[in-house]
Amino acid sequence: KISTLLDNKEIVLIEVQVNSESDYFYRMLFGASKIIAEHLAQGAPYSQIKKVYSVNILYFDLGHGKDYIYHGITSFVGLHQNDILDLSNKQKELYQKQYVHQIYPEYYLIKVNQFNNIAKDTLDEWIYFLKNEEIKDNFHAKGLLEAKEKLDALKLPTSEKQAYKTYLENLHYEESMVDSSFNSGKLEGKKEGEKVGLKKGEKIGLEKGKLAVAKKMKASGMDIELIRQITGLQDFS
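Residues numbered from 1 in each chain as written. Predicted model: local features only at pLDDT ≥ 70, side-chain atom pairs only at ≥ 80, totals over all residues. Heavy atoms only, no water.

## Quick look at the pattern of salt bridges
Here is step 1: Enumeration according to the criterion identifies 5 salt bridges in this entry.
Here is step 2: Between arginine 27 and glutamate 15 there is a salt bridge, with the nearest N and O atoms lying 2.2 Å from each other. Here the residue arginine 27 occupies a position in helix H1 (residues 24-38), and glutamate 15 occupies one in strand E2 (residues 10-17), the gap between them amounting to 12 residues.
Here is step 3: Accessibility expressed as a relative area gives 30% for arginine 27, which makes it partly exposed.
Here is step 4: Assessed through its relative accessible area of 7%, glutamate 15 is described here as buried.
Here is step 5: Put simply, glutamate 106 and lysine 51 hold a salt bridge, and the shortest N to O gap is 2.9 Å. You can see glutamate 106 sitting in strand E5 (residues 106-111) and its partner lysine 51 sitting in strand E3 (residues 51-58), a full 55 residues away along the chain. (Salt bridge = Lys/Arg side-chain N within 4 Å of Asp/Glu carboxyl O. Helix = DSSP H or I, 4+ residues; strand = E, 2+ residues; numbered from the N terminus. Buried < 20%, exposed > 50% of the residue type's maximum accessible area, 1.4 Å probe, protein only.)

## What to know about helix H3 (residues 122-132)
Since one α-helical turn is 3.6 residues long, residues separated by three or four positions face the same way.
Here is step 1: What H3 keeps buried is the set Asp124, Glu125, Ile127, Tyr128 and Phe129.
Here is step 2: The backbone nitrogen of leucine 123 has a side-chain oxygen 3.2 Å away, supplied by the residue at the start of H3, namely aspartate 121.
Here is step 3: Backbone geometry just after H3 places glutamate 133 at a positive phi near 60°. (Polar contact = N/O pair within 3.5 Å; in protein donor to acceptor, adjacent residues only side chain to side chain.)

## Concerning H1
Here is step 1: Given a rise of 1.5 Å per residue, 15 residues ought to cover 21 Å, and the 21 Å separating the end C-alpha atoms of H1 matches this to within 8%.
Here is step 2: Those residues of H1 lying buried are Tyr24, Met28, Gly31, Ala32, Ile35 and Ile36. Here the buried residues of H1 occupy an arc of 130° about the axis, which is enough to place them on one side. Exposed side of H1, more than 90 degrees from the buried face: Tyr26, Phe30, Ala37 and Glu38 are the residues found there.
Here is step 3: Each element contacted by the buried residues of H1 is listed here: strand E1 (2-6), E2, E3 and E5. (Expected span 1.5 Å × (residues − 1). Arc of directions from axis to C-beta. Contact = heavy atoms within 4.5 Å.)

## Section: the packing of aromatic side chains
Here is step 1: Evaluated as defined, the whole model comprises 5 aromatic pairs.
Here is step 2: Residues tyrosine 128 and phenylalanine 139 carry aromatic rings whose centres are separated by 5.4 Å and whose planes lie at 90° to one another, so their mutual orientation is edge-to-face. Separated by 11 residues along the polypeptide, tyrosine 128 in helix H3 and phenylalanine 139 in the loop between H3 and helix H4 (144-154) bring together distant segments of the chain.
Here is step 3: Given a relative accessible area of 7%, tyrosine 128 falls into the buried group.
Here is step 4: Residue placement shows lysine 51 over the ring face of tyrosine 53; its charged tip is 5.3 Å from the ring centre. (Phe/Tyr/Trp six-rings, centres within 6.5 Å; stacked < 30°, edge-to-face > 60°. Lys NZ or Arg CZ within 6 Å of the ring centre and 35° of its normal.)

## Some details on the sheet that holds E3
Here is step 1: Strands sit in the order E1-E2-E3-E5-E4 across an open sheet of 5 strands; the sheet is mixed. Strand pairing shows two members of the sheet lacking a second neighbour, E1 and strand E4 (69-72), which therefore form its edges. With direction set aside, neighbouring strand axes in the sheet form an average angle of 15°.
Here is step 2: One ladder, built from 4 bridges, connects E4 with E5; its direction is antiparallel. Looking across to E5, one finds that histidine 71 is bridged to tyrosine 108.
Here is step 3: The sheet contacts of H1 involve E1, E2, E3 and E5, and relative to E2 the element is tilted by about 150°. (Pairing = 2+ DSSP bridges. Axes fitted to C-alpha atoms, helices over the stretch in contact; angles between N-to-C directions.)

Here is the structure:
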């Protein structure tokens with residue numbers, strides 16, 4: 001289960017459920033209600049309640065229906081006129097909402113196993129990935145490649161997973177080293193800039209920073225051509 005706060009106004013609650021649960025509809029209701037209560041400060045007015053989107057990715061058959069994506073909202077229907085209860089103009093201005101259902105939690109049910117493997121849009125591409133754990137060459141949904149990389153890492157054997165973790169840590173270290181060296185060089189350039197001019201001094205410092213980074217990269221065994229591409233330097237001996 002993952003929850004994300006968007007712009008301090010809306011909450012996206014994502015849950016993946018593999019095993020069948022006969023009371024899952026109640027579980028969705030409880031999860032949305034609980035997170036609403038947790039994000040309402042004590043003594044705050046009810047108008048401060050945050051909008052919740054409950055996204056449920058299910059690998060079992062819940063309820064009875066032919067589709068693989070269901071969207072649930074709360075609306076109020078007149079018993080006699082069959083009309084939908086709307087917000088007044090004053091309420092629209094006060095709540096910054098156009099419709100009553102925008103106040104209440106919205107639920108999305110994604111029944112992965114009922115997907116027919118035909119991706120018609122980017123959402124279908126995600127569902128295809130969730131079902132088959134693969135990405136087709138023509139897929140272009142945002143974040144899909146990053147998700148696949150994380151999934152592949154989780155599926156690695158323990159020894160290889162540790163090696164991958166070490167590799168990522170080294171990447172962070174190298175990026176930090178580059179950033180630190182460049183900033184140090186820029187600071188040094190600013191000091192020299194008091195004598196030879198700020199712009200010229202920053203340029204000198206930047207070049208010194210690049211040279212320091214290139215030398216460290218070379219000492220670590222990094223490919224020479226790659227160092228040249230990153231720093232733009234041809235000679236750093």
